[in-house]
Every structure is written in structure tokens, then in C-alpha cells.
Amino acid sequence: VVVLAAGSVRAGDGRIEIGQHMMPYVITNSGSYVLTENLVVTNDHANGITVNASNVAVDLNGFILSSTSGTNSGGGIVLPQEFRNLSVCNGSIVGWAGSNGISAVGQNTRVDGVTVRGNGMGICLYDRAIYGGGIVSHCIAVSNIHNGIIVAEGLVVDCAAWGNGAVG
């Protein structure tokens, strides 16, 4: 038996679709999630997607996850606790000036093929004691207020960063 949150729809490939009418969105179950359109969060201090589970894949599917709240925004995609195995790929995270485009505390986080622009910080994979940060690959970090890409423990591979307020 599969239980989905109200309004959740499974794509033909079994992934859970995330659309504008669901924003902001909180993931509480392991699984694979996919954006179906560009998503905009207008709520002050709200995260776009909060991940409260291990073993989660978020495919941006070439779309943009953005905020219109400027410095009052939350984060784009946030893994706030020490969960494991978050994957984010294939799209853009823009305008989360009050926080980070992607912020993850946990082990085995992977970010691939994502552009982060105009956020407080672009991509931040934090290390908490025994948890490793992960891998950031094939990403672009441009014009973020502070750091473009920061990984406490892990690797940054084949990425580009420019025009950020602090380190790339």
C-alpha cells in the first residue's frame, strides 16, 4: 500500500510529481520526486522543498525553483537534519537571497547538473560529526551573495563559480 500526501500524483515512472499548487513542499517519505513545471515560492521565510527523510531523489527536470521573497526567503531545497542519501539534479535554484539555494546536513548528498544563482549561498553541504558532506558535480554557482559552493567533507568536480560575494 502506497500512501501519498494530499494532491500527490505519481508520474508514469513511479516518481512523485511536484507542481506549483503544492508549494512550499515538505518531503516526509523516501522516494523519487520530480518537478513538473517552474516553481515559485512567494511566502516569506518559507523553504521551497524541505526534505525530512533519507533516501530521497529530487529531479528538477530542467525547471527552476525560485523565491520572490528576496532576503526574507527561506532556502530552496533544505535537508535540515542528519538524513542520508539526498540527490538533487538537473535544473536551477534561483533567488533564495535570505538563505541557501541547496543546504544539506547529512551523509551521501549528491548534487549534479544544478545552477544556483542569486541565493544567499549557492550550494552548502555541511559536515556534522560523523556525517560526510557529499559530492557536487557539473554545477554552476553564479552571483550568489556569499559562497557559491561550499562542501565541508566531500568533493566538488567539474563545476564553475563566478561573481559570488565570497569563495567560489
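Residues numbered from 1 in each chain as written. Predicted model: local features only at pLDDT ≥ 70, side-chain atom pairs only at ≥ 80, totals over all residues. Heavy atoms only, no water.

Regarding the sheet that holds strand 11 (residues 100-107)
- Strand order in the open sheet made by the six strands is 3-6-9-11-13-16, with parallel pairing throughout. This sheet does not close on itself; its edge strands, each paired only once, are strand 3 (25-27) and strand 16 (149-151). Across the sheet, the axes of successive neighbouring strands diverge by a mean angle of 5 degrees, strand direction being ignored.
- Relative to strand 9 (residues 77-84), strand 6 (residues 49-51) is paired through two bridges, and the arrangement is parallel. Pairing of Ile49 across the sheet is with Ile77, part of strand 9. (Pairing = 2+ DSSP bridges. Helix = DSSP H or I, 4+ residues; strand = E, 2+ residues; numbered from the N terminus. Axes fitted to C-alpha atoms, helices over the stretch in contact; angles between N-to-C directions.)

Side note on the pairing of strand 7 (residues 56-59)
- Note that strand 4 (residues 31-35) and strand 7 share four bridges and pair parallel. In the strand pairing of strand 7, Ser32 is matched with Ala57.
- The pairing of strand 7 with strand 10 (residues 86-94) spans four bridges and is parallel. Following the sheet pairing, Ala57 is matched in strand 10 by Ser87.

A word on the confidence of the model for the protein
- Looking at the protein as a whole, its pLDDT mean stands at 90, while 89% of the residues score no less than 70.
- This model gives residues 1-6 a pLDDT under 50, and the stretch forms four contacts once residues within four places in sequence are excluded. (pLDDT = per-residue confidence, 0-100. Contact = heavy atoms within 4.5 Å.)

Things to note about unusual backbone geometry
- Omega for the peptide link from Met23 to Pro24 comes to -10 degrees, which places this bond in the cis form.
- By the secondary structure assignment, Pro24 is in the loop between strand 2 (16-18) and strand 3.
- Backbone geometry places Asn108, a non-glycine residue, at a positive phi of 65 degrees.
- Secondary-structure assignment places Asn108 in the loop between strand 11 and strand 12 (109-117).

Considering the side chain of Asn100
- With respect to the helices and strands, Asn100 occurs in strand 11.
- Here Ser103 takes part through its side chain, which lies 3.5 Å from a polar atom of the side chain of Asn100.
- Setting aside chain neighbours within four positions, we find Asn100 in contact with Gly75, Gly76, Asn119, Met121, Gly122, Cys124 and Tyr126. (Polar contact = N/O pair within 3.5 Å; in protein donor to acceptor, adjacent residues only side chain to side chain.)

A closer look at the environment of Ile77
- Its location among the elements puts Ile77 in strand 9.
- Judged by relative accessible area, Ile77 falls into the buried class, the value being 0%.
- The sequence separation of Ile77 and Thr50 amounts to 27 residues, and the corresponding C-alpha distance is 5.9 Å.
- In contact with Ile77, not counting residues within four places along its chain, are Ile49, Val51, Val58, Leu60, Leu65, Val88, Ile93, Gly101, Ile102 and Ser103. (Buried < 20%, exposed > 50% of the residue type's maximum accessible area, 1.4 Å probe, protein only.)

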